[in-house]
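# Residue-level structural notes
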Amino acid sequence: MKKIWFLFVFLSQLIVARAQLPSYEACFTSERLRVDLVFTGNAQQEDVFLHSLHKEPLWAGSKTQLIAPFTFGDFQYKVYSTDGVLLFSKGFNSLFAEWTTTQEALATDKAFATSVWMPFPKKTVLLEVSCRIANKGTWDPMKTFTIDPTDPLIREEKPICKAEVLIQNGPIENHVDLLFVAEGYRAGELEKFRKDAARFAEYLFEYEPFKSRREDFNLWVLPLVSEESGPSLPQYDIWVQTALYSTFHTFYLERYLTVPDFSLLAHAVSGAPFDALFVIVNSKRYGGGGIYNYYGISTSDHPQSKEVFVHEFGHSFAGLADEYYESEVAYIDMYPIHVEPWEANITTLVDFASKWEDMMDREGVGLFEGAAYVPKGMYRPAKDCRMHTNKAPAFCPVCQRAIGRIIDYYTK
Ligand SMILES: [Zn+2]
């Protein structure tokens, strides 16, 4: 009897807790709010400032999973009502976070634009931005901004470029909306971009778990026009006029291709539905980049464009770490080995139970030393994986599970 009573109390508390979570409709409109932020700092310290607020046409994310079920990324933002109820949260990484681990950040201060998106609030909310303390693995609140949705200076955005459907399997709020953005395509090359994007879509669905979850995706293309073809190549003093100012040689690394000024990308996609952004750069060169909940980017026409795209999408969509440790990178001590890293596919064994300890009996899964640019004390789950080498035919089982969980977040 006592047990039943406890169960009753427990269940009624659960129902009360559920009831306290406000519904999407109670808190948000169907529109999207873009918050443009500027992160500043160096290797020792970081700060964040509010730049501007933008009202965009459509919220494409989940309307039921407003609080992210995982805390990936070096930053997170949480949206609270003025009486302290958590309404929305999401984690992300940025080029700024990577830059703070470079040699340059030891000697100078820099500022990087970043934008975050949320459903458009009906009432005043508080936006709290936090950063992860790398050598502790804990969160540190950086700043809280008050956002009044009736502020007359919130700019109402009209799409500068209309997104086109590539594949639509269902409503945007319970599908993963992946937006391919054109970069370095002149007006006469947009048909090539549409074909490149369709080819990239097929590349993605060659790999599990994307293959079996194909129906959970909507794919969109944004045919942005550039004045000139291809990305800039600073290492050869080649600068081209493109829509997003993409460039190789990021952090002085030949193959690192990025959009250094995120505000150009944020402005370009303001009218488009998306949960994930991937920039296709019109080029035959080898290279790319991918940053969690920020964007992925790679080139259209290198013989290994497929492998690079899928790898970079693993970073940007699922926050997967590089499982390699052999290549040249620009980062210094990005991963302290006395802290469990947040990425699902690497471990320092500080908290292995939170990683793939439960999958150790699976074929091909184990503990392989060397990952995430660290040869000793950092482990990866498989001998090879799409996050390790271009020869790997598949994502390892641990990466597949991690990707599946992200797809669930957007769709269930
Ligand atoms: Zn893997």
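The rules behind the values
- Numbering of residues starts from 1 in each chain and follows the order in which that chain's sequence is written.
- Side-chain atom pairs in this predicted model are given and counted only at pLDDT of 80 or more, local residue features only at pLDDT of at least 70, and totals for whole chains, interfaces and linings cover all residues.
- To obtain the side-chain values, all non-hydrogen atoms of the structure were used and water was disregarded.
- Any N, O or S atom lying within 2.8 Å of the metal counts as a donor, with the limit raised to 3.2 Å for Na, K and Ca; because water is left out of the atom set, some sites can appear incomplete.
- Angular criteria define each label, namely tetrahedral for four donors with all angles between 85 and 135 degrees, square planar for four and octahedral for six donors with opposite donors over 155 degrees apart and remaining angles between 65 and 115, and irregular for whatever fails these tests.
- Here a helix means four or more residues in a row that DSSP labels H or I, a strand means two or more in a row labelled E, and each is numbered from the N terminus.
- Whether a residue is buried, partly exposed or exposed follows from its accessible area with a 1.4 Å probe, protein chains only, as a fraction of its type maximum: under 20%, in between, or over 50%, in that order.
- Each domain span listed reflects an automatic or database assignment of domains.
- Contacts are assigned to residue pairs that have any heavy atoms within 4.5 Å of one another.
- The term buried area means the drop in 1.4 Å probe accessible area that two parts suffer when joined, counted for both and summed.
- Throughout this description, the term salt bridge denotes a Lys or Arg side-chain nitrogen within 4 Å of a carboxyl oxygen of Asp or Glu.
- Throughout this description, a polar contact denotes any pair of N or O atoms lying within 3.5 Å of each other; where both atoms belong to protein, one of them has to be capable of donating a hydrogen while the other can accept it, and for residues adjacent in sequence the pair is counted only when both atoms sit in side chains.
- Within this scheme a cavity is a closed region of a 1 Å grid, computed over the protein atoms alone, that accommodates a 1.4 Å probe without allowing it to escape, whereas a pocket is open but has protein on both sides within 12 Å along at least five of seven lines; lining residues each have an atom within 4 Å of a point.
- Grid points are joined across faces, edges and corners, and a volume is the space filled by probe spheres set on the points.
- Here the nonpolar group is Ala, Val, Leu, Ile, Met, Phe, Trp, Tyr, Cys and Pro; Asp, Glu, Lys and Arg are the charged ones; every other residue, Gly included, is treated as polar.

## Topic: the coordination of the zinc ion
- On the protein side, the zinc ion has Glu323 (OE), Cys385 (SG), Cys396 (SG) and Cys399 (SG) as donor atoms, found 2.0 to 2.3 Å from it.
- For the zinc ion, the 4 donor atoms are set out with angles of 93 to 127° between them, so the coordination reads as tetrahedral.
- Spacing between the donor residues of the zinc ion along the chain follows E-x61-C-x10-C-x2-C. Of this pair, cysteine 385 sits in the loop between strand S16 (374-380) and helix H7 (397-411) while cysteine 396 sits in the loop between S16 and H7, placing them 11 residues apart in sequence. Side by side, cysteine 385 and cysteine 396 carry an identical accessibility label, which is buried.

## What about the domain arrangement of the chain?
- When the domains of the chain are assigned, the result is domain 1 (24-156) and domain 2 (164-322 + 401-411).
- Its C-alpha centre places domain 1 at a distance of 22 Å from the equivalent point of domain 2.
- On the side of domain 2, 32 residues touch domain 1, which itself brings 31 residues to the contact.
- Summed over both partners, the interface of domain 1 with domain 2 comes to about 2,500 Å²; 63% of that surface belongs to carbon and sulfur atoms.
- The largest share of the area that domain 1 buries against domain 2 comes from Ala60, Phe70 and Leu95, three residues that together contribute 22% of it.
- Viewed at the interface, domain 2 and domain 1 are joined by 0 salt bridges.
- Remark: the boundary between domain 1 and domain 2 carries 7 residue pairs in polar contact (both at pLDDT 80 or more).
- Those elements giving two or more residues to the side of domain 1 that touches domain 2 turn out to be strand S1 (28-41), strand S4 (86-92), helix H3 (95-99) and strand S5 (110-121).

## Observations regarding the layout of surface pockets
- Size it by volume and the second largest pocket reaches roughly 330 Å³.
- Lining of the second largest pocket is provided by 18 residues; of these, Lys110, Phe112, Thr250, Phe251 and Pro260 occupy positions nearest its centre.
- Looking at which element gives the most residues to the lining of the second largest pocket, the answer is S5, with 4 residues.
- Classifying every residue of the lining of the second largest pocket gives 11 nonpolar, 4 polar and 3 charged.
- Counting contributing residues, the lining of the second largest pocket receives three or more from each of domain 1 (24-156) and domain 2 (164-322 + 401-411).

## Describing the environment of histidine 302
- Here histidine 302 shows up in the loop between strand S14 (295-299) and helix H6 (305-318).
- Within the structure, the side chain of histidine 302 is placed 2.9 Å from the backbone nitrogen of glutamine 304, a separation counted as a polar contact.

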